[in-house]
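So the chains spell out like this:
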Amino acid sequence: MKLDVNALRYLTKDDFRVLTAVEMGMRNHEIVPAELVDRIAGLKHGGTYKVLRNLLKNKLVHHDATKYDGYRLTYLGYDFLAIKTLVSRGVFASVGRQIGVGKESDIFEVATEDGTVLAMKLHRLGRTSFRAVKSKRDYLRHRRSFNWLYLSRLAALKEFAFMKALGDHGFPVPTAVDCNRHCVIMSLVQGYPLVQVKELQNPDDVFDTILGLIVRLAEHGLIHCDFNEFNIMIDDDEKITVIDFPQMVSVSHCNAQMFFDRDIECIYKFFNKRFNLTSEKNEEQAGSESDGEGNSRPSFLSVKKSAGSLDKELAASGFTRKEQVEMEKYIEQDAEGHDSSSDDDDEIGDAVPIDSLKIDQDHCDEPDCNLASRDSGGAGTFSEEHGTSCSGEDRLESPPSGSNGDAKEPLESEGKMLSQEDGDNDSSSNDDDDDEEDAELTKKLNRQRKKAIAAAHGRRRPVSSRNAYKDKGKGTMNSKIQRQACKW
Ligand code: ADP
Ligand code: MG
């Protein structure tokens, strides 16, 4: 997909305010009614509509008038929000060329103020299988999982958490630097994907090392699940780095053995084909690797899962079991119905290298972009339920009061829910307080949304409240109508 960050230079704080309003609206609208965007953004004199036109021109939002006049973020719009936040935090200062394109991600070089080059992975879940997923009725029943923002954010969150934990335990992975929305920043691996390597000095050693890694991961309670020549980087000294972690599972997963065997099989097959390591040779090496008795592949059952359970550690570190389950649901659906087509033509495109670009800090540190939940952004209802983020700072944030004379009532009426600049939040602050705050914020946000929805309906009271007298005490019909109203 094209990522022309040039437009980022020229976006104003109002542009970001409206973009973030669309993101917020997407928490419970696939297409956010224009009135709701206007209400959330709170710009004066129909300013929102003018801004929306500009965002549309820059392909940051998509217009959909099928059912009502509405908008949704494009991946580019979501990219801009994440990039702006990370630049504001000082994580990097410029975006460079595209260095990789995965099945469901785009990878770019980014550079810090002091010139250090890092890798930025933008997750694009749903890109390759959007239609396939959409066509699954069962999946639509769980609409929350269907939200690509939510899924991409979840993938980034998981990737970051796993990369960090694996790095901390001495595994050869990129250094996890930061993460926001669907974007992960990590160290740049100097090397090439193994799939591009035609010759090795010591194929036996590399083979051993790789199998050893699979076994060691399992000993730590984890299975990569996509351990193949595309996700193993190798440098000129034949040093290995493993990448790509969103699909990892715990050894306690019901299909763990199958996943483990599949990872092993991929390596055997690849080394056999590419480096002519015959099966016998492979088996021999694997045997000495696993149990020293020879002639057997590493077997899942014989792996001693005693080196500490990273899977449990991770469950407590920001990527919860519930999120893992949601991810797995998606991965399973994805595996079932692959379809390389997509209906999001404004979001899909060939990889296009982009020139290095210095991002205009003046615009980037506008706190206005922070009126929405920082990490959760509009990513489904994720933050409402889990309230977690890579850096534990996932909170609704606002422009500082008076930062934008035009942006008034709706945001300010949310009072404390709108805190300050990104980096200013103390990520080590008390978790309980955070949870309480989260619940409080969620309540406030829901109230705000209801108000906004009512307003978008012509400032009438919601249907449910107008009919409340009819079924007082029963509530069922009321709540149904209300739910319906919330869904549009
Ligand atoms: P996907 O999940 O879409 O498969 P990957 O994480 O595997 O994405 O990355 C796709 C490609 O991007 C890799 O094959 C590699 O060439 C490149 N890449 C990813 N991460 C890095 C990194 N940290 N440093 C250098 N290149 C990377
Ligand atoms: Mg990959």
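How each quantity is defined
- Residues numbered from 1 in each chain as written.
- Chains lettered and ligands numbered in written order.
- Predicted model: local features only at pLDDT ≥ 70, side-chain atom pairs only at ≥ 80, totals over all residues.
- Heavy atoms only, no water.
- UniProt positions renumbered as here; feature names shortened; annotations may be inferred.
- Phe/Tyr/Trp six-rings, centres within 6.5 Å; stacked < 30°, edge-to-face > 60°.
- Helix = DSSP H or I, 4+ residues; strand = E, 2+ residues; numbered from the N terminus.
- Buried < 20%, exposed > 50% of the residue type's maximum accessible area, 1.4 Å probe, protein only.
- Donors = N, O, S within 2.8 Å, 3.2 Å for Na, K, Ca; no water.

In the annotation of an unreviewed UniProt entry, the protein chain is listed under the name Serine/threonine-protein kinase RIO2 and assigned to Panicum hallii var. hallii. One UniProt comment on the protein chain, placed under Cofactor (unreviewed entry), says "Mg(2+)". Heading Sequence similarities (unreviewed entry) of the UniProt record for the protein chain holds this comment: "Belongs to the protein kinase superfamily. RIO-type Ser/Thr kinase family."

S.K.: A description of the packing of aromatic side chains should follow, citing residues and the corresponding values.
M.R.: Tallied over the entire structure, the rule returns six aromatic pairs. Between the aromatic rings of Phe-207 and Tyr-268, the centroid separation amounts to 5.3 Å while the plane-to-plane angle is 80°, which identifies the pairing as edge-to-face. On the criterion of sequence distance, the pair formed by Phe-207 in helix α10 (residues 203–219) and Tyr-268 in helix α11 (residues 256–275) is long-range, its members being 61 residues apart. Residue Phe-207 shares its accessibility class with Tyr-268, and that shared class is buried. Between Phe-271 and Phe-275 the ring centres are 5.3 Å apart and the planes differ by 45°, which places this aromatic pair in the tilted class. Highlighted residues: Phe-271 and Phe-275, both in helix α11, separated by four residues, approximately one helical turn. Of the two residues examined, Phe-271 and Phe-275, each falls in the buried class. Taken together, the aromatic side chains of Phe-207, Tyr-268, Phe-270, Phe-271 and Phe-275 make up a single cluster linked through ring pairs.

S.K.: Describe the coordination of the magnesium ion (ligand 2), with residues and values.
M.R.: The protein atoms donating to the magnesium ion (ligand 2) are Asn-231 (OD1) and Asp-244 (OD), with metal-donor distances spanning 2.1 to 2.2 Å. Of this pair, Asn-231 sits in the loop between β10 (222–223) and β11 (232–234) while Asp-244 sits in the loop between β12 (240–242) and β13 (249–250), placing them 13 residues apart in sequence. For the pair Asn-231 and Asp-244, one class covers both residues: buried.

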